[in-house]
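Structural overview
Take a look at the letters that make up each chain.
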Amino acid sequence: MARKFYEIAFTPSVLREQEKHQSLGLYTRAAQAGDAGDRIGESERDLIETRDSFYMATASETGWPYIQFRGGSRGFLRVLDEKTLGFADLRGNRQYISTGNLHADNRVALFLMDYPSQSRLKILGRVEIHEDSAKADELIARLRVPSEKTPPERAFLIHVEAFDWNCQQHITPRYTQEELTQILEPMHHRMEAMEKELAELRAKGK
């Protein structure tokens, strides 16, 4: 358990629930022994920059939580430095719920999943939105994926305050078509070799 994540997420009401269910000491000891968990390292970078999607949670002015799926080309979420992430926000259904929420309350939670390895990374941060400015144009040019056809509307910078890796329990492994192709490639090569060998044996038997 990362200390910074503990300090932000484990509010008094959360601690009371942990005490009630006898898990308070476990997490307190883990946080005291763990790293600060507020600077992106190599393990976090490797997961972040190989994602083609993540979930982003914001809160409305009336206190309602809102979760949005963000997808794009693999690596569209960039690690700019050990405290900053960024991505070019592509035009979508034009509801602008997340964007509107973040203008009122810039706190955000990201949930990144790696289903094949059953890994998940939670990131808490504050968002800085750049739109309709020279700075926005500069950031969008830096952050956009060249092959992406959908036009970007703004740039999101996420200033990381804390992160934590979750346990693997209850994560069902899932694979994209690209991942399955890589996994099955050796089997396909073996089948092609066997088919060739079988054809040669049949030719010899004629």
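Description of the structure in this document.

Rules behind the numbers
Residues numbered from 1 in each chain as written. Predicted model: local features only at pLDDT ≥ 70, side-chain atom pairs only at ≥ 80, totals over all residues. Heavy atoms only, no water. Pairing = 2+ DSSP bridges. Helix = DSSP H or I, 4+ residues; strand = E, 2+ residues; numbered from the N terminus. Axes fitted to C-alpha atoms, helices over the stretch in contact; angles between N-to-C directions. Contact = heavy atoms within 4.5 Å. Polar contact = N/O pair within 3.5 Å; in protein donor to acceptor, adjacent residues only side chain to side chain. Core = buried A, V, L, I, M, F, W, Y, C linked by side-chain atoms within 4.5 Å. Buried < 20%, exposed > 50% of the residue type's maximum accessible area, 1.4 Å probe, protein only. Phe/Tyr/Trp six-rings, centres within 6.5 Å; stacked < 30°, edge-to-face > 60°. Lys NZ or Arg CZ within 6 Å of the ring centre and 35° of its normal. Salt bridge = Lys/Arg side-chain N within 4 Å of Asp/Glu carboxyl O.

Here's the deal with the sheet that holds strand β7 (residues 152-165)
- Strands sit in the order β2-β1-β5-β6-β7-β4-β3 across an open sheet of 7 strands; the sheet is antiparallel. Only two strands of the sheet have a single partner each, and these edge strands are β2 (65-71) and β3 (78-81). On average, each strand axis in the sheet is inclined to that of its neighbour by 35°, with strand direction left out of account.
- Seen against the sheet, helix α6 (residues 134-143) touches β3, β4 (84-90), β6 (119-130) and β7 and runs at an angle of roughly 70° to β7.

Focus: the side chain of E153
- Position of E153 among the secondary structure elements: in strand β7.
- Only 3.2 Å separates the side chain of E153 from the side chain of Y96, close enough to count as a polar contact.
- Residue contacts for E153: discarding those within four places in its chain leaves D89, R91, R94, Y96, E131 and I140.

Details of the nonpolar core
- Counting 23 residues, the largest nonpolar core has I48, L85, L110, L112 and I123 as its most contacted members.
- Counting residues per element, the ones that place at least two in this core are α4 (42-48), β1 (53-59), β4, β5 (107-114), β6 and β7.
- In this structure L112 touches L47, I48, R51, F54, L77, S119, R120, L121 and I123, once residues within four positions along its chain are discounted.
- Within the second largest apolar cluster, 6 residues are counted, among which are A88, I140, L143 and L157.

Describing unusual backbone geometry
- The residue Q22 is not glycine, and still its phi comes out positive at about 65°.
- You can see Q22 is positioned in the loop between α2 (12-20) and α3 (24-33).

Examining the packing of aromatic side chains
- Enumeration over the complete set of coordinates arrives at 7 aromatic pairs.
- Look at Y6 and F10: their rings are 4.8 Å apart centre to centre, the planes differ by 45°, and that puts the pair in the tilted class.
- Between F87 and F156, the ring centres sit 4.9 Å apart and the planes meet at 25°, which makes this aromatic pair stacked. Of this pair, F87 sits in strand β4 while F156 sits in strand β7; the two residues are 69 residues apart in sequence, bridging distant segments of the chain.
- Given the relative accessible area of 0%, F156 is considered buried.
- An aromatic cluster is defined as three or more aromatic residues linked by ring pairs; in this entry it consists of F54, F76, F87 and F156.
- Positioned over the ring face of F156 is R70, at 5.5 Å from the centre of the ring.
- Lying over the aromatic face of Y115, R174 brings its terminal NZ or CZ to 5.5 Å of the ring centre.

A closer look at the pattern of salt bridges
- One pass over the full model with this rule turns up 12 salt bridges.
- Taking the shortest distance from any N to any O, the salt bridge between R39 and E82 comes out at 2.7 Å. Taken together, the positions of R39 in the loop between α3 and α4 and E82 in the loop between β3 and β4 put the pair 43 residues apart, joining distant regions of the chain.
- Exposure remark for R39: the relative accessible area of 47% places this residue in the partly exposed category.
- Under the relative-accessibility criterion, E82 is labelled partly exposed at 40%.
- R70 serves as the salt-bridge partner of D89, at 2.3 Å between the closest nitrogen and oxygen.

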